[in-house]
Amino acid sequence: MPYYTVSCLPKELSDQRVGNSYNKYLIQDLLRGQYGYQGIVCTDWGITEDMPQQVEQFAGKCYGVEHLTASERCLILIENGIDQIAGTVSQKTLMEAFGLGIRKNGQEQFEARIRQSAYRILLKLIRLGLFENPYVDLEESRNILRDGQSRAAGYAAQLKSAVLLKNRNGTLPLSEKIKIYVPRRVIQNKIDFLSRKLPTYQVQPVSDALLSQYAQMAGTPEEADAAIVFMESPDSIGYLRSDVEQGGNGYLPISLQYRPYKATHAREVSIAGGDPLEAFCNRSYQNKTSVVCNEQDLNNLLEMRQAMGNKPVIACIRMNHPMVMGEVEPCADAILVECGISKQAMLDLIFGREEPSGRLAFALPKDMEGLERHMEDTPFDYPVYEDEFHGRYGFFFGMNWSGLL
């Protein structure tokens, strides 16, 4: 996928100001020609569809070719050497593009171009052996999915991916059959990826049936022997229509902390911009404030810390992206993070049926200021968070029951 971006190249290479898939130099001259790439090129989603009426709407991204019809856009992509057009479901549009291509290039030449893409796609399938045994036996497929060895391997991968960041005085593993309190999560109203407004809702992080396999469920924090606080990394949105209606550019900082974040140290001028629906190029969010929809996750942790006194408080964080740990770490006796594994796997680790062995795949920043000063194309150039035991949550950090890995 060449990406949606309009790449500004030196004029001697290309003066086209179009999305990358539409740029002849990038696809034909550079990728196919100079680098000799013979594999499949698939466009990003929906780039042949018309632009939306508003920036935040999830719709077409035909950057630079808005004046063309959908079939004309498809023709450019095919001529550029694109093999698959993602998000285009109209057979009529594709057949119109095929007709345009024949009239422009001649039937023999254009059909040869289509066969070239068919060859690239089929070659991948043939190399995977999909043509040697093309017929699927449903029961055999079910047996493969139910295969104990495969399921065990998948579950082991889940266990190995979780990362233990902190374990004050050997808090983990917990003893089984003790009384555990798990607070519910509250997610405030928010706008999702498709610009839909979602109301406030509650989440029970782990079912009573599953938790009861490891511990007794306490009705209140006071009667519990330990608290497990399930959290997710801060969830904020970087664009709001209401900001535009109030005279702003619509862009807000994407916060990696739970409390409201004011972007004092953000760039005064953004490094990119220029959406066709906007009459400006500067998308800076300097001095704007962002809030997250799951701030209650931090409140849950603070409330458990106060209610539990000296009894253990464990933070279990699903990290959809890196986050600032300064709000969380001081309040937790143990911190276990994951990037999308089952609650059963987490409980197996918390209660010592398995031992953590994962390492961080990304560095966790000290603060938002360091992130604002971070150069996006430079690795490891922002300060990482350091906990009370001088553990530095940088790339590849991780612990087991004995200490640092």
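Residues numbered from 1 in each chain as written. Predicted model: local features only at pLDDT ≥ 70, side-chain atom pairs only at ≥ 80, totals over all residues. Heavy atoms only, no water.

Caption draft 1: Region of the structure containing the overall build of the protein. When its secondary structure is counted, the protein shows 11 helices and 14 strands. Expressed as lengths along the three principal axes of its C-alpha atoms, the size of the protein is roughly 80 × 60 × 40 Å. Counting only residues that meet the buried cut, the protein has 42% of its 405 residues in that class. Just so you have it, the protein exposes about 22100 Å², and 53% of that area is on carbon and sulfur atoms. The average position of the 42 basic charges and that of the 51 acidic charges among the side chains of the protein differ by 2 Å. (Helix = DSSP H or I, 4+ residues; strand = E, 2+ residues; numbered from the N terminus. Buried < 20%, exposed > 50% of the residue type's maximum accessible area, 1.4 Å probe, protein only. Areas by Shrake-Rupley, 256 points an atom, 1.4 Å probe, with all protein chains shown as cover. Lys, Arg positive; Asp, Glu negative; His and termini not counted. Charge placed at Lys NZ, Arg CZ, Asp CG, Glu CD.)

Caption draft 2: Layout of the pattern of salt bridges. Summed over all chains, the structure comprises 26 salt bridges. Among the salt bridges present, the one from Glu376 reaches Arg267, with a minimum N-O distance of 2.9 Å. With Glu376 in the loop between helix H11 (368–373) and strand S13 (399–400) and Arg267 in the loop between strand S9 (261–262) and strand S10 (289–290), the pair connects residues that are 109 residues apart, well separated along the chain. Look at the salt bridges and you will find they share partners, linking Lys166, Arg168, Arg305, Glu329, Asp333 and Glu388 into a network. (Salt bridge = Lys/Arg side-chain N within 4 Å of Asp/Glu carboxyl O.)

Caption draft 3: The packing of aromatic side chains, seen in detail. Across all of its chains, the model carries 8 aromatic pairs by this definition. Arranged with centres 5.8 Å apart and planes meeting at 45°, the rings of Phe380 and Phe395 form a pair that is tilted. Here Phe380 is found in the loop between H11 and S13, whereas its partner Phe395 is found in the loop between H11 and S13, with 15 residues between them in sequence. Owing to a relative accessible area of 44%, Phe395 belongs among the partly exposed residues under this scheme. Relative to Tyr393, the ring of Tyr385 lies with its centre 5.7 Å away and its plane at 45°, an arrangement referred to as tilted. (Phe/Tyr/Trp six-rings, centres within 6.5 Å; stacked < 30°, edge-to-face > 60°.)

Caption draft 4: The pairing of strand S8 (residues 226–232), seen in detail. Among the 7 residues that make up S8, 6 are buried, leaving the element largely enclosed by the rest of the structure. Pairing between strand S2 (residues 179–181) and S8: 2 bridges, direction parallel. Bridging across to S8, Tyr181 finds its partner in Ala227. As judged from the 6 bridges shared by S8 and strand S11 (residues 313–318), these two strands associate in the parallel manner. Residue pairing across strands places Ile228 opposite Ile314, the latter belonging to S11. (Pairing = 2+ DSSP bridges.)

Caption draft 5: View of helix H2 (residues 70–80). Burial in H2 covers these residues: Ser71, Arg73, Cys74, Leu75, Leu77, Ile78 and Asn80. In this structure, the buried side of H2 is in contact with helix H1 (24–34), helix H3 (91–105) and helix H4 (107–127). (Contact = heavy atoms within 4.5 Å.)

Caption draft 6: Region of interest: the environment of Tyr201. Within the element layout of this structure, Tyr201 appears in strand S6 (residues 201–203). On the basis of relative accessible area, Tyr201 is assigned to the partly exposed category, the value being 37%. C-alpha of Tyr201 to C-alpha of Asn143: the two residues are 58 residues apart in sequence and 38 Å apart in space.

Caption draft 7: Spatial organisation of unusual backbone geometry. Across the junction of Leu172 and Pro173, the peptide omega takes the value 5°, indicating a cis bond. Note on placement: Pro173 falls in the loop between strand S1 (163–167) and S2. Notably, Phe396 is not glycine yet its phi reads approximately 80°, a positive angle. Positionally, Phe396 belongs in the loop between H11 and S13.

Caption draft 8: Spatial organisation of the pairing of strand S12 (residues 334–338). For S12, the buried fraction is high: 5 of the 5 residues fall into the buried class. Side chains of S12 alternate between two faces, with Ala334, Leu336 and Glu338 and Ile335 and Val337 buried alike. In the sheet, S1 pairs with S12 via 4 bridges, with the strands oriented antiparallel. Considered in S12, the bridge of Val163 is made with Val337.

Caption draft 9: Expanded view of the nonpolar core. If you look at the biggest cluster of nonpolar residues, it comprises 58 residues, and the most contacted ones within it are Leu165, Ile180, Ile317, Met325, Val328 and Ile335. Put simply, the parts of the chain that give this core at least two residues each are S1, S2, helix H7 (208–211), S8, helix H9 (296–308), S11, S12 and helix H10 (343–350). Ranked by residues supplied to this core, first place goes to S8 with 6 residues. Ile317 has contacts with Met231, Glu232, Ser233, Met323, Met325, Val328, Ile335, Leu336, Val337 and Glu338, leaving out every residue within four places of it along the chain. (Core = buried A, V, L, I, M, F, W, Y, C linked by side-chain atoms within 4.5 Å.)

Caption draft 10: Inspection of a nonpolar patch on the surface at higher detail. A surface patch of nonpolar side chains, about 550 Å² in accessible area, is lined by Leu122, Leu125, Ile126, Leu128, Leu130 and Phe131. Looking at the secondary structure, you find Leu128 in the loop between H4 and helix H5 (138–146). (Patch = residues over 30% accessible without salt bridge, like charges linked within 9 Å, V, L, I, M, F, W, Y side chains within 5 Å.)

Caption draft 11: Representation of the packing of H2 against H3. Here H2 crosses H3 at 60°, and the two axes come no closer than 8 Å. By the angle class used here, H2 and H3 are oblique. Of the two possible hands of crossing, H2 and H3 adopt the one that is right-handed. The residues of H3 that touch H2, namely those facing Ala70, Ser71, Glu72, Cys74, Leu75 and Glu79, are Thr93, Leu94, Glu96, Ala97, Leu100, Gly101, Lys104 and Asn105. Here the contact of H2 with H3 is composed, by residue class, of 6 nonpolar, 4 polar and 4 charged. (Axes fitted to C-alpha atoms, helices over the stretch in contact; angles between N-to-C directions. Parallel < 35°, antiparallel > 145°, perpendicular 65-115°, else oblique. Left-handed = near helix turned anticlockwise from the far one by under 90°. Nonpolar A, V, L, I, M, F, W, Y, C, P; charged D, E, K, R; others polar.)

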